[in-house]
Amino acid sequence: MTTSPEFDLITRHFRRATRHTTLGIGDDAALLDITPGMQLAVSADMLVAGTHFFPDADPRLLGWKSLAVNLSDMAAMGALPKWATLAIALPAADQAWLSAFSAGLFACANRYQVDLIGGDTTRGPLAISVQIMGEVAPGKALKRSGAKVGDDIWVSGTLGNAALALAALQQRYALSAEELESCISALHQPTPRVELGLLINMMAHSAIDISDGLLADLGHILKASGTGAEIHLGRLPISRLMHQRMTDPAVQQMVLAGGDDYELCFTAPTRNHGEIAKLAGLLGLPVSCIGQVTATPGLMVRDLDQIIMQLSQHGYDHFNQASPA
């Protein structure tokens, strides 16, 4: 009996040994080994050619990013990622493209010990949908709704490099080839902050990953928590490349609202300030306090001169903004 081209494609490119799974790819459903007493955290993201990535994007980097952006959601919940499913629409069964894409996907999966346990393939315009699942102890998941007045507001890593790289690729901002090379990995190969999410699980009150821009995503925390915030432009963590351009309003907008950072933004009580600061050394990752949660609704940003900024854009709008690619 011969197998269908679809099953051949799945077996060749996406079937791998699993770590946390009784039954993975090959049956109508997967069987998962969930740790007794743990809760299951589930999230999903879709990436569409021409909307979320360039149609001619490097398939290996695209494979990495497709999983990484979902792992970032697990990090924001303080959850340990374990399983993923992949649904992908393909214009054609391009074996070379699929080989590179799956290599990137599994490079990320192996780095974070995630099993690919199933999904679907079909013919159509290129679109990639990943569902991620992980575990978190009951009552320990980080939520957007937990911020409290007086909390410090923290951000991991650096902001704005992905938006700067995209602007350069779209010829909206001039960078040298060397400058573009220094920031383009932030756009194409983000690093999900899984380890940080697990470490702040017991110290933070709320968290979110920064996908649509700091202002938009911090705004989600404030709305869910019924609070406001004051942050300082001069405290935002940025690369040397961004620092050299930080007086440019366009660059300030990239840092505040550019999106595609996939860093964590979280709030925590001031009593944990010192312990959180120590995480930078433990992880080799900058973790910066950028402001405080306030009782007054709204988000106030002070510029480099400590003057309140007039904000024109808060982040990426999926339905009312031009496609990035």
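Bear in mind that the values here come from a model prediction, so they are computed numbers and not experimental data.

### Quick look at the UniProt feature "binding site: Mg(2+) 2" (unreviewed entry) in the protein chain
Okay, step 1: The feature "binding site: Mg(2+) 2" (unreviewed entry), as annotated in UniProt, sits at Asp45 and Asp73 in this numbering. Separation in sequence by 29 residues is not matched in space for these annotated residues, since their most distant C-alpha atoms are only 9.2 Å apart.
Okay, step 2: Position of aspartate 45 among the secondary structure elements: in strand 3 (residues 39–48).
Okay, step 3: Its relative accessible area of 28% is what places aspartate 45 among the partly exposed residues.
Okay, step 4: Aside from chain neighbours lying at most four places away, what touches aspartate 45 is Val69, Asn70, Asp73, Ile128, Ser129 and Val130.
Okay, step 5: Structurally, the position occupied by aspartate 73 is in helix 2 (residues 59–77).
Okay, step 6: Look at aspartate 73 and you get buried, because its relative accessible area is 16%.

### Considerations on the nonpolar core
Okay, step 1: Ranked by internal contacts, the top residues of the largest apolar core, which has 48 residues, are Leu67 and Phe266.
Okay, step 2: Ranked by residue count, the leading element in this core is helix 2, at eight residues.
Okay, step 3: Counting only domains with at least three residues in this core, you end up with domain 1 (8–136) and domain 2 (151–302).
Okay, step 4: When residues no more than four places from it in sequence are discounted, the contact partners of phenylalanine 266 are Asp152, Ile153, Trp154, Leu196, Ile200, Ala204, Ser206, Ala207, Ile276 and Val287.
Okay, step 5: Grouped together as the second largest cluster of nonpolar side chains are 40 residues, Ala147, Leu164, Ala168 and Ile290 included.

### Structural notes on the UniProt feature "binding site: Mg(2+) 3" (unreviewed entry) in the protein chain
Okay, step 1: Per the UniProt annotation, the sites labelled "binding site: Mg(2+) 3" (unreviewed entry) are Asp28, Asp73 and Asp209.
Okay, step 2: Summarising the element assignment, aspartate 209 is placed in strand 8 (residues 206–209).

### A look at the sheet that holds strand 11 (residues 287–294)
Okay, step 1: Strand order in this open sheet of six strands is 8-10-7-11-9-12, and the pairing throughout is mixed. Either end of the sheet is taken by a strand with one partner, and the two such strands are strand 8 and strand 12 (298–302). Neighbour-to-neighbour, the strand axes of the sheet open up by a mean angle of 25°, direction not taken into account.
Okay, step 2: Across five bridges, strand 9 (residues 228–232) lies against strand 12 in parallel orientation. Looking at strand 12, one finds that glutamate 230 is bridged to methionine 300.

### Some remarks on the pairing of strand 5 (residues 115–123)
Each regular strand shows side chains that alternate between the opposite faces of the sheet.
Okay, step 1: As paired elements, strand 4 (residues 80–90) and strand 5 share eight bridges and run parallel to each other. Each bridged residue has a counterpart across the sheet, and for leucine 86 the counterpart in strand 5 is glycine 119.
Okay, step 2: What joins strand 4 to strand 5 is helix 3 (residues 95–111), and the crossover it makes is right-handed.

The rules behind each value
Residues numbered from 1 in each chain as written. Predicted model: local features only at pLDDT ≥ 70, side-chain atom pairs only at ≥ 80, totals over all residues. Heavy atoms only, no water. UniProt positions renumbered as here; feature names shortened; annotations may be inferred. Helix = DSSP H or I, 4+ residues; strand = E, 2+ residues; numbered from the N terminus. Buried < 20%, exposed > 50% of the residue type's maximum accessible area, 1.4 Å probe, protein only. Contact = heavy atoms within 4.5 Å. Core = buried A, V, L, I, M, F, W, Y, C linked by side-chain atoms within 4.5 Å. Domains from an automatic or database assignment. Pairing = 2+ DSSP bridges. Axes fitted to C-alpha atoms, helices over the stretch in contact; angles between N-to-C directions. Right-handed = clockwise from strand over helix to strand, strands pointing away.

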